[in-house]
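Structural overview for review
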Amino acid sequence: MEPWIASLEAGDPEAAWDRLLERYRRLIFAAIRHYTTDPDDVMDVFARVCEALRADDLGRLRRWASQSAHRARFSTWLVTVVRHLTIDWFRHCDGRPRLAAAAAGLPPTQRRIFEYVFMAGRSHVEAYELLRTRDGIDLPFGAFLHELSATYRAAAGATNHRGRLVVELGGAEPVHGPDPPDADSVMQAEQAVVLADALAALAPHERLAVQLFVIEEMPAAEVARAAGLPNPKAVYNRVYRALARMRARLERAGIKDGDL
Amino acid sequence: MTCPAPENLLLHALGVPGPRAHRAVADHVATCSACRAEVARLREAAVLLRAGAARSGDATPDCLDEEAIAASVDGVLEGDARAVATTHLFSCARCRSAVASVARLARDPAVAAASETDRASARWGLRRPGLGVAVAAAAAVVLLLAWPGVIDRRSEPHRGPPGGGNGVPRPISPVGPVAGARALQWSAVPGADRYRVTLFDGQGRVLWETQSGDTTAALPDSATPSPRLPYFWKVAARVGVERWVGSELTEFTVVGVGSPP
């Protein structure tokens, strides 16, 4: 039994808290520093994490301790909690003005993209539509993708040590490869929507594999663990097959390869 | 000329280092029009998929709790719990993003190392000498920053940024390990007409607070630091109407004459 749980069950929450910090302080700090190494941010988020864990007389920890069987390792659960609180702190709490300050130095279009994608959690297509309809910035979708990529790079730099945080808030970057497609050969946002419909038509396990591997960019081994597949090769096979089916569906909808 | 396996074309298209030599795939694709077209189609599909991907929505009652997300990352869900989680992940971008995010976090070398150390400690019941002081220090900082009851921030409505510049008071002594501490001393701030100093114990409790027009304050007997325990103090300078600029929190420990720092 974890020492902090023993103290909690002995009716000594203060001792439980001390023991928890003694054992997991390094892990909590490491998880926070994954997102930011700015000393002020680290200490502020650490304070927020401790405040949240101590709230309601260690309510979160009590709920964990009260379960007879656990599905996850405590350390994984703890970093899950820390991640949630860190992202929340930056997006909704005291860290939000710091993100806004980081965006202030960007060119106008990139600043709006930053606000939509990183601060408001909009998808890339939603951000594109908002730029056109709300801000009157009429960009071809390909040019938007260029601006989006530039925003990711600029934001990671502008936020100093918070590059991972920017990716966390904005999701996966546009695909980069050794010979990227000519973005100006027009990939319209509507086609992305059709493709999303094609994704929804896949078998559930294929869809999840595509979502985690292609969209969330998880390594195949981790996708296999999360989706309950036997190994990374099973992930590759499902994703490849799924993309082939999606292309076929798109072609049936009248969108040929050249259109993409 | 043998074309690469589809999985290798997929990895190449997405720019993911694969299990086979990436360079060989790239070289092949450069000379094979069929594979080049296939890679282009895969990559374009990925671009559009990511562009159209929902990022996050509001949490719903069906959303995975933190333990289910952690268990998905650990790959330890079984039976009904697995089915419920997987079914939810199909349709919830918020939870998928959380699973991917925690997986990235768990893969961070520093996090993995700390997690391993924690597990080793748990297995063998290790206790590191001197850790208690560090923990107390961390707890103190947490308390100082987190609980308004410990530091009433309402009394500092226009608190300026901390730092060591001319406009901010800088703790001079005691700082770090010291032979003794009978007074607190700090640097003057131009234009400041008053200073407020606060002393905290290792648990973040306020032991003593006073205000002074000088840059030093003698500690009363009731706040005499005990040897080998961590203490913290800070000083704020009043530079305008209800405008205070504060120092960083400073730690010190009385180690006694002749004791190692």
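Since the model is a prediction, treat every value here as computed from it, not as a measurement. (Residues numbered from 1 in each chain as written. Chains lettered and ligands numbered in written order. Predicted model: local features only at pLDDT ≥ 70, side-chain atom pairs only at ≥ 80, totals over all residues. Heavy atoms only, no water.)

With that out of the way, let us pick up the overall build of chain B. From N to C terminus, chain B includes eight helices and nine strands. Residue burial in chain B is summarised as follows: out of 261 residues, 48% are buried. The long-range share in chain B, meaning contacts at least 24 apart out of those at least 6 apart in sequence, stands at 60%. Just so you have it, chain B exposes about 12400 Å², and 54% of that area is on carbon and sulfur atoms. (Helix = DSSP H or I, 4+ residues; strand = E, 2+ residues; numbered from the N terminus. Buried < 20%, exposed > 50% of the residue type's maximum accessible area, 1.4 Å probe, protein only. Contact = heavy atoms within 4.5 Å. Areas by Shrake-Rupley, 256 points an atom, 1.4 Å probe, with all protein chains shown as cover.)

Quick reminder: α-helices carry 3.6 residues per turn. Residues three or four places apart thus point the same way. Look at helix α4 (residues 74-92) of chain A: 26 Å from first C-alpha to last across 19 residues, which is about the 27 Å you get at 1.5 Å a residue. The buried fraction of α4(A) is high, at 16 of 19 residues. (Expected span 1.5 Å × (residues − 1).)

Turning our eyes to something else, we now look at the environment of R96(B). Checked against the element boundaries, R96(B) lands in helix α6 (residues 93-107). R96(B) gets classed as buried once you look at its relative accessible area, which sits at 8%. Once the C-alpha coordinates of R96(B) and S72(B) are considered, the two residues, 24 residues apart in sequence, prove to be 10.0 Å apart. Filtering out sequence-adjacent residues up to four positions away, R96(B) remains in contact with L208(A), Q211(A), L212(A), E216(A), L89(B), F90(B) and S91(B). Reaching out from R96(B), the side chain makes a polar contact with the side chain of Q211(A) at a distance of 3.4 Å. (Polar contact = N/O pair within 3.5 Å; in protein donor to acceptor, adjacent residues only side chain to side chain.)

This part covers the confidence of the model for chain A. All names here are of chain A. Per-residue confidence for chain A gives a mean pLDDT of 81; residues scoring 70 or more make up 83%. Mean pLDDT across the elements of chain A bottoms out in helix α9 (residues 163-170) (70) and peaks in helix α2 (residues 13-35) (92). Across residues 176-187, confidence stays below pLDDT 50; counting only partners more than four residues off in sequence or on other chains, it has 25 contacts. (pLDDT = per-residue confidence, 0-100.)

The nonpolar side chains of soluble globular proteins are, as a tendency, buried together. One finds W4(A), L61(A), F74(A), F144(A), F213(A), V239(A) and L49(B) to be the most contacted residues of the largest nonpolar core, which totals 125 residues. No other element matches α2(A), which puts 12 residues into this core. Those residues in contact with W4(A) that lie beyond four places of it in its chain are A16(A), R19(A), L20(A), Y24(A), L61(A), W64(A), A65(A) and F74(A). V178(B), L199(B), L219(B) and Y231(B) belong to the second-largest nonpolar core, a separate cluster that totals 19 residues. (Core = buried A, V, L, I, M, F, W, Y, C linked by side-chain atoms within 4.5 Å.)

A separate point is the sheet that holds strand β6 (residues 216-218) of chain B. Residues and elements named next belong to chain B. Taken in spatial order, the three strands make up an open sheet running β1-β3-β6, and their pairing is antiparallel. Of all the strands in the sheet, just β1 (171-173) and β6 have a single pairing partner and so form its edges. Averaged over all pairs of adjacent strands, the angle between their axes in this sheet comes to 25°, without regard to strand direction. Both β1 and strand β3 (residues 183-186) contribute to a ladder of two bridges, which runs antiparallel. Each bridged residue has a counterpart across the sheet, and for P171 the counterpart in β3 is W186. (Pairing = 2+ DSSP bridges. Axes fitted to C-alpha atoms, helices over the stretch in contact; angles between N-to-C directions.)

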